[in-house]
Amino acid sequence: LCDLVGPGVIRHIWLTFSESSPNWLAKDGAADPSEIVLRCYWDNQKEPAVETPLGDFFAAGFGRRAEIKSVPVQVQGGDSYNAFWAMPFFTRARITVTNESKLPLAALYFGIDWTEEVLSADTAYFCAQYRREFPTPMGQDYLLLDAEGQGHYVGTVLSVRTRSPEWFGEGDEKLGIRN
């Protein structure tokens with residue numbers, strides 16, 4: 001999607017793509033948002049700081065097109081995906097989208113807004129990682145974050161699928177912090 005020379009901050013990512021069901025762009029259907037992977041690399045790092053299915057990055061789990069209304073992420077009408085996270089980089093920002101489906105990515109339109117700006121040496125990177133367990137091991141806690149160092153944890157998109165349509169899920173949230 002982009003290969004930018006910094007320093008700078010990505011301020012907005014907008015994109016839209018074809019529905020996965022058969023349509024005028026793909027008569028046999030197109031790649032599902034859960035099969036398209038978004039990766040962001042900061043400052044020539046070999047490993048991505050962001051690696052997640054496209055739908056999940058925009059808080060629409062399980063590849064479903066869903067309207068999302070929040071401050072950092074908005075999905076309008078289920079098909080106009082917007083992220084307003086500040087994503088700073090010192091020398092280079094590279095964002096890729098990879099279709100990992102057997103079906104085509106029939107259409108992808110996007111825009112990335114960014115500003116050139118000097119960053120302080122202690123500026124933190126934006127990171128987001130996708131993780132999944134299905135089924136989760138019975139009686140074991142599900143780990144959301146295991147991190148070291150300074151930074152800000154801003155949240156989790158948690159999509160839950162139950163085995164019974166009548167069961168809503170139950171459990172206690174736990175937070176353990178190690179120093």
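Below is a summary of the structure that appears in this document.

Summed over all chains, the structure comprises 7 aromatic pairs. A cation over a ring is seen here: Arg94 above Tyr41, with NZ or CZ 4.2 Å from the ring centre.

Let us look at the pattern of salt bridges. One pass over the structure, following the stated rule, counts 5 salt bridges. The closest approach of N and O atoms between Arg92 and Asp3, which form a salt bridge, is 2.7 Å. Residue Arg92 is located in strand E9 (residues 92–99), and its partner Asp3 is located in strand E1 (residues 2–5); the two are separated by 89 residues in the primary sequence. You can call Arg92 partly exposed: its relative accessible area is 26%.

Let's shift gears to the pairing of strand E3 (residues 36–42). Counting buried residues in E3 gives 7 out of 7 residues, a clear majority hidden from the surface. Burial along E3 is two-sided: the residues Ile36, Leu38, Cys40 and Trp42 and Val37, Arg39 and Tyr41 are all buried. Pairing between E3 and E9: 7 bridges, direction antiparallel. Across the sheet, the residue bridging to Trp42 is Ala93, located in E9.

Cut-offs and rules
Residues numbered from 1 in each chain as written. Predicted model: local features only at pLDDT ≥ 70, side-chain atom pairs only at ≥ 80, totals over all residues. Heavy atoms only, no water. Phe/Tyr/Trp six-rings, centres within 6.5 Å; stacked < 30°, edge-to-face > 60°. Lys NZ or Arg CZ within 6 Å of the ring centre and 35° of its normal. Salt bridge = Lys/Arg side-chain N within 4 Å of Asp/Glu carboxyl O. Helix = DSSP H or I, 4+ residues; strand = E, 2+ residues; numbered from the N terminus. Buried < 20%, exposed > 50% of the residue type's maximum accessible area, 1.4 Å probe, protein only. Pairing = 2+ DSSP bridges.

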